[in-house]
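# Structural characterization, general
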Amino acid sequence: MTVRLHWFLPTGGDGRTLVDRHAYGSNIGRETRGLRTPDIEYLAQIAKAAEQLGFEAVLTPTGTWCEDAWLTTVALAQHTERLKFLVAFRPGLLSPTLAAQMAATYQRLTRGRLLLNVVTGGDSAEQRRFGDHLDHDRRYERTDEFLSVVRGVWRGEPYDFHGVHYEVEGGLTSLPPDPVPELFFGGSSQAAGPVAARHADVYLTWGEPPAQVKEKIDWIRSLAEREGRTVRFGIRLHTISRDSSADAWSTANRLLDDLDTDTIAAAQAALGRSESVGQRRMLDLHGGSRDQLEIYPNLWAGVGLVRGGAGTALVGSHGEVADLIEEYHSLGVEHFVLSGYPHLEEAYWFGEGVIPELAARGLLAADTASRATGRPAPILVARGR
C-alpha cells in the first residue's frame, strides 16, 4: 500500500488567512488583505500546480459558499491532462439516477478522471437552504438508499429499487462509467458507520491524533467485514511544511495572530450548532482555546478555531511532516487529502519539500516518485534474515 496524495481546490476563495470571510458575523464583507477570488484562472493555477507536483487528485467542496463542484471541475479538466477531481456532492439534492448518469458522462468527457466524495451533511440549517428538511440520522438512511441506487444503475441494465426515500423503476445508465468512480465517504456518527461499510471504497476521516484515527479505522473495518467488504482509508488535513521546523511554526503563529477573540468566539458558536459528530470531535481537540494547540507532535488544531470541517494541520519541517504521514500510513491510511493557506503556495511547499521525502522512503507509487524527484523511483529489495 503506497501513500496517495491529493490537494484541495478553494472554490469559496483563498488567501493568506484562516478567517472564513463568509460565515461568521463581523467578518462578512470585511476588507481582508490577500483574499483571492475563485475564478477559473486562479483555480487553474492550483490544478496545474497539483498535477505538476505529483498529486493524484484535487478535492472540490460543496455547499452554500463555494462554486458548484461538478461544473467547476469539468471546466478545469480542460486545463489539465492527468489530474483527477474528487467531486463532493450531497445525496438527496438530486435524483440518484441522474447522479449516476452525470458521473458516467463526466468519466467519458474527462477520460476517467472522476472520484466522488459523498457528503451527507451535518448542518440542518445548511441543508434547509437547499430544501432538505430531514434530520441527521434520516439523512444517512437516505444516503444508504441513494448509493444503492447509484451502484445499481451503474450496472448498465434496468434496475428497480423500493425504499423509504426512493422508488426507482428501470433505472438505467445506458453507458456505465468506465472506470466506475471510487466513492469517498466520511462520517463519525453511529448512523454513518454502517453506510460507509456498505458503500465506501475509501473511508475519509478528519485529522485527529493517530490513536483516535486508529479507533475509527478499526471500527469501520469491523463493520465492513460484517458486510463482506474491504474498505480503504483516507485522512483530510491541512499542511504547513517548511525547510525548518521554526519557519513552519512561525507561519502557524502568524495565521493565529490574524484571529481576534470575537472572531474565534463567533466561529465556535456557529460550529457548535452543527449536528455533525465529526465536527464536535474537531471542536473537542482545542475547546475554543488558543492554548496547547499542538495536540500531538506536529499536529496543530489552530485551523479548527475558525474553520468548519477539517481543523488540523501537519506543521513542521519537511522531514517532520513526512514522519507524521508515515505514522498515519502505518495505521492503514492510504489517501492523504491536503490543503493549506494559500493553496497555490502551500502546494509548492509540500510538493517540493515533503513529496521528495516520501519518495526517498519508498512510500509513493513509482510514477508519483519519478515526477517528484525527476528520476526513476528506487527499487526496494526485501532481504530475508
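Keep in mind that what you see is a predicted model, and the values were worked out from it rather than measured.

Looking only at helices and strands, the chain has 13 helices and 13 strands in total. Against the compact-globule benchmark of 21 Å for 385 residues, the chain has a radius of gyration of 20 Å, which places it among compact chains. Considered along the principal axes of its C-alpha atoms, the chain spans approximately 60 × 60 × 45 Å. Buried residues in the chain amount to 56% of all 385 residues. The contacts in the chain between residues at least 6 apart in sequence include a share of 72% that link residues at least 24 apart. Accessible surface, the chain: about 16500 Å² in total, of which carbon and sulfur atoms supply 49%.

Attention shifts here to the pairing of strand β6 (residues 167–171). The sheet contact formed by strand β5 (residues 159–162) and β6 spans three bridges and is antiparallel. Bridge assignment links H162 to a residue of β6, and that residue is E167. Hairpin connection between β5 and β6: a loop of four residues separates the two successive antiparallel strands.

Let's shift gears to helix α10 (residues 277–284). For α10, the complete set of buried residues consists of G278, Q279, M282 and L283. Considered in projection along α10, the buried side chains sweep an arc of 140 degrees and stay on one side of the axis. Residues of α10 that are buried in the fold lie against β8 (202–206) and α9 (261–272). For α10, the capping residue at the N-terminal end is S276, with a side-chain oxygen 3.3 Å from the backbone nitrogen of G278.

Using the criterion set out here, one finds eight aromatic pairs in the structure. Aromatic side chains W7 and F55 sit 5.2 Å apart centroid to centroid with 45 degrees between the ring planes, which places their arrangement in the tilted category. On the criterion of sequence distance, the pair formed by W7 in strand β1 (residues 4–8) and F55 in the loop between α1 (40–53) and β2 (57–60) is long-range, its members being 48 residues apart. Residue classification places F55 among the buried positions, given a relative accessible area of 2%. Ring geometry for Y140 against F185: centres 6.2 Å apart, planes inclined by 65 degrees, an arrangement best described as edge-to-face. Of this pair, Y140 sits in helix α5 (residues 136–153) while F185 is found in strand β7 (residues 183–185), placing the two residues 45 residues apart along the sequence. Note on Y140: relative accessible area 7%, which makes it buried. Looking at F185, the relative accessible area reads 1%, which means it is buried. Taken together, the ring pairs connect W70, F89, Y106, F146 and Y166 into an aromatic cluster. Its guanidinium or amino end placed over the ring of F8, R307 lies 5.9 Å from that ring's centre, counting from NZ or CZ.

A few words now on the side chain of S188. Along the chain, the position of S188 falls in the loop between β7 and α6 (192–199). Within the local environment of S188, its side chain forms a polar contact with the side chain of K216, the two groups lying 2.6 Å apart. If we skip the residues at most four places from it in the chain, S188 touches Y203, K216, W219, V277, G278 and R281.

Quick look at the environment of Q101 now. Along the chain, Q101 turns up in helix α3 (residues 96–110). For the pair formed by Q101 and F8, sequence separation is 93 residues and the distance between their alpha carbons is 25 Å.

Take the environment of R129 next. Mapped onto the fold, R129 is located in helix α4 (residues 124–129). Only 3.3 Å separates the side chain of R129 from the side chain of T64, close enough to count as a polar contact.

As a further point, take the confidence of the model for the chain. With 91% of its residues at a pLDDT of 70 or more, the chain shows a mean pLDDT of 90. Considering only residues more than four positions removed or in separate chains, one finds that residues 23–30, a stretch of pLDDT under 50, has 17 contacts. Across residues 377–385, where pLDDT falls below 50, the model places five contacts with residues more than four positions away in sequence or in other chains.

Let's shift gears to the side chain of R142. When you line up the elements, R142 lands in helix α5. The class for R142 is buried, based on a relative accessible area of 7%. If near-sequence neighbours (up to four positions away) are discounted, R142 is found in contact with P91, G92, Q127, D132, L134, H165 and Y166.

A few words on the pattern of salt bridges. Opposite charge on two side chains makes pairing possible when the charged atoms of those side chains draw close. Under the criterion given, the structure shown has 19 salt bridges. A salt bridge links R151 to D201; the shortest N-O distance between them is 3.2 Å. One end of the pair, R151, is in helix α5; the other, D201, is in the loop between α6 and β8, with 50 residues separating them in the sequence. Judged by its relative accessible area of 26%, R151 is partly exposed. In this structure, K214 engages D218 in a salt bridge whose closest nitrogen and oxygen atoms are separated by 2.8 Å.

Criteria and cut-off values
Residues numbered from 1 in each chain as written. Predicted model: local features only at pLDDT ≥ 70, side-chain atom pairs only at ≥ 80, totals over all residues. Heavy atoms only, no water. Helix = DSSP H or I, 4+ residues; strand = E, 2+ residues; numbered from the N terminus. Rg over C-alpha atoms; globule rule 2.2 N^0.38 Å. Buried < 20%, exposed > 50% of the residue type's maximum accessible area, 1.4 Å probe, protein only. Contact = heavy atoms within 4.5 Å. Areas by Shrake-Rupley, 256 points an atom, 1.4 Å probe, with all protein chains shown as cover. Pairing = 2+ DSSP bridges. Arc of directions from axis to C-beta. Polar contact = N/O pair within 3.5 Å; in protein donor to acceptor, adjacent residues only side chain to side chain. Phe/Tyr/Trp six-rings, centres within 6.5 Å; stacked < 30°, edge-to-face > 60°. Lys NZ or Arg CZ within 6 Å of the ring centre and 35° of its normal. pLDDT = per-residue confidence, 0-100. Salt bridge = Lys/Arg side-chain N within 4 Å of Asp/Glu carboxyl O.

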